[in-house]
Amino acid sequence: MPTLFNTLKLSVPLAALLLAGCASISKEECLVADWYAMGVTDGSQGRALAAFRDYQADCAKHQLSSDFEQYQAGHQQGVVNYCVYSNGVTLGRQGNNFNTLCESERFEDFQEGYFQGQQLHQMENKLAKLRRDMAAIESRIEQNQQQLKDNQASIIDENSTKTQREELLKDNDRLRREIRRLKTDLGALVELEEETDLEISHYLNSIQL
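Residues numbered from 1 in each chain as written. Predicted model: local features only at pLDDT ≥ 70, side-chain atom pairs only at ≥ 80, totals over all residues. Heavy atoms only, no water.

(A) Fine view of the state of the cysteines. Under the counting rule described, the total for this entry stands at two disulfides. What pairs with C30 in a disulfide is C59, and their sulfur atoms sit 2.0 Å apart. Here C30 and C59 share a disulfide; its torsion about the S-S bond, -95°, makes the bridge left-handed. One end of the pair, C30, is in helix α2 (residues 27–32); the other, C59, is in helix α4 (residues 51–60), and 29 residues separate them in sequence. Accessibility classification places C30 together with C59 in one group, the buried group. (Disulfide = S-S within 2.5 Å. Helix = DSSP H or I, 4+ residues; strand = E, 2+ residues; numbered from the N terminus. Buried < 20%, exposed > 50% of the residue type's maximum accessible area, 1.4 Å probe, protein only.)

(B) The packing of helix α6 (residues 85–93) against helix α7 (residues 108–155), seen in detail. Where α6 meets α7, the axes come as close as 6 Å, and the angle between the chain directions of the two elements is 30°. Overall, the two elements α6 and α7 adopt an arrangement that is roughly parallel. Relative to α7, the crossing made by α6 is right-handed. Contact residues: Y85, N87, G88, V89, L91, G92 and R93 in α6; D109, F110, E112, G113, Y114, Q116, G117, Q118, L120, H121 and E124 in α7. (Axes fitted to C-alpha atoms, helices over the stretch in contact; angles between N-to-C directions. Parallel < 35°, antiparallel > 145°, perpendicular 65-115°, else oblique. Left-handed = near helix turned anticlockwise from the far one by under 90°. Contact = heavy atoms within 4.5 Å.)

(C) Spotlight on the environment of C30. Accessibility expressed as a relative area gives 6% for C30, which makes it buried. Along the primary structure C30 and Q56 are separated by 26 residues, whereas in three dimensions their C-alpha atoms are 9.0 Å apart. If we skip the residues at most four places from it in the chain, C30 touches I25, D58, C59 and L64.

(D) A look at the pattern of salt bridges. Scanning all chains against the criterion turns up eleven salt bridges. In this structure, K61 and D58 form a salt bridge, with 3.7 Å as the shortest nitrogen-oxygen distance. Classification of K61 by relative accessible area gives exposed; the value is 60%. Residue R131 pairs with E193 through a salt bridge whose shortest N-O separation is 2.9 Å. Linking R131 in helix α7 with E193 in helix α8 (residues 162–206), this pair joins segments that are 62 residues apart in sequence. The exposure class of R131 is partly exposed, given its relative accessible area of 41%. (Salt bridge = Lys/Arg side-chain N within 4 Å of Asp/Glu carboxyl O.)

(E) A look at α4. Regarding α4, the residues found buried are A51, F52, Y55, D58 and C59. For α4, the arc enclosing every buried residue in end-on projection is 125°, short of the 170-degree limit, so these residues lie on one face. (Arc of directions from axis to C-beta.)

(F) Summary view of the packing of helix α3 (residues 35–44) against helix α5 (residues 68–82). Here α3 crosses α5 at 30°, and the two axes come no closer than 6 Å. When the axes of α3 and α5 are compared, the pair comes out roughly parallel. When you trace α3 past α5, the crossing you get is right-handed. Where α3 abuts α5, its residues W35, Y36, M38, G39, V40, D42, G43 and S44 lie against Q70, Y71, A73, G74, H75, Q77, G78, V79, N81 and Y82. Within the contact of α3 with α5, the residues separate by chemical class into eight nonpolar, nine polar and one charged. (Nonpolar A, V, L, I, M, F, W, Y, C, P; charged D, E, K, R; others polar.)

(G) Structural view of the environment of I179. In this fold, I179 is placed in helix α8. With 42 residues separating them in the primary sequence, I179 and I137 have C-alpha atoms 9.5 Å apart. Each residue touching I179, except ones within four places of it in the same chain, is listed here: I141, N144, Q145 and L148.

This is how it looks when you write it as structure tokens:
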């Protein structure tokens, strides 16, 4: 698969600005701008060609020119650097939308990576939900067990009436039944969690990262 994009040689202030995702530049940056390098940077980070319009407008405020041809040429190279398999996997795995810059048939590696990343994203979301459900059931079991203890303390309290004790004993029977049911549900989720975790592990081994 293609490698990640090459390191660009930009001035430190300008490079930091672009990496931060801000599509604007100052008068000083307009004066020293390497439009080709800026295009490569933006393309390599998956930004649309339209980002140039903001640069152009900023420079025009100071009566300074901008070079769209150089920027466009750099941007095209940057897109080639961006639309690689590894970036596709990352984008899909994070649940991000498909970047239309990579729609071309030239970028089949990126598209395949994005599809695989989407599959991984779905499996990891499933695992996360299973773990949330397990935590919720464990919390309910703990609450019921605590209620059992509280009820038992009230049952042996000499101030409790016979009627109160009878009601508490009935409640304890209900709590025990619910705890057994919850533990059964939890066991089923534990099995699903183990299966899903193993599925993710196998899938990670089957794709190239």
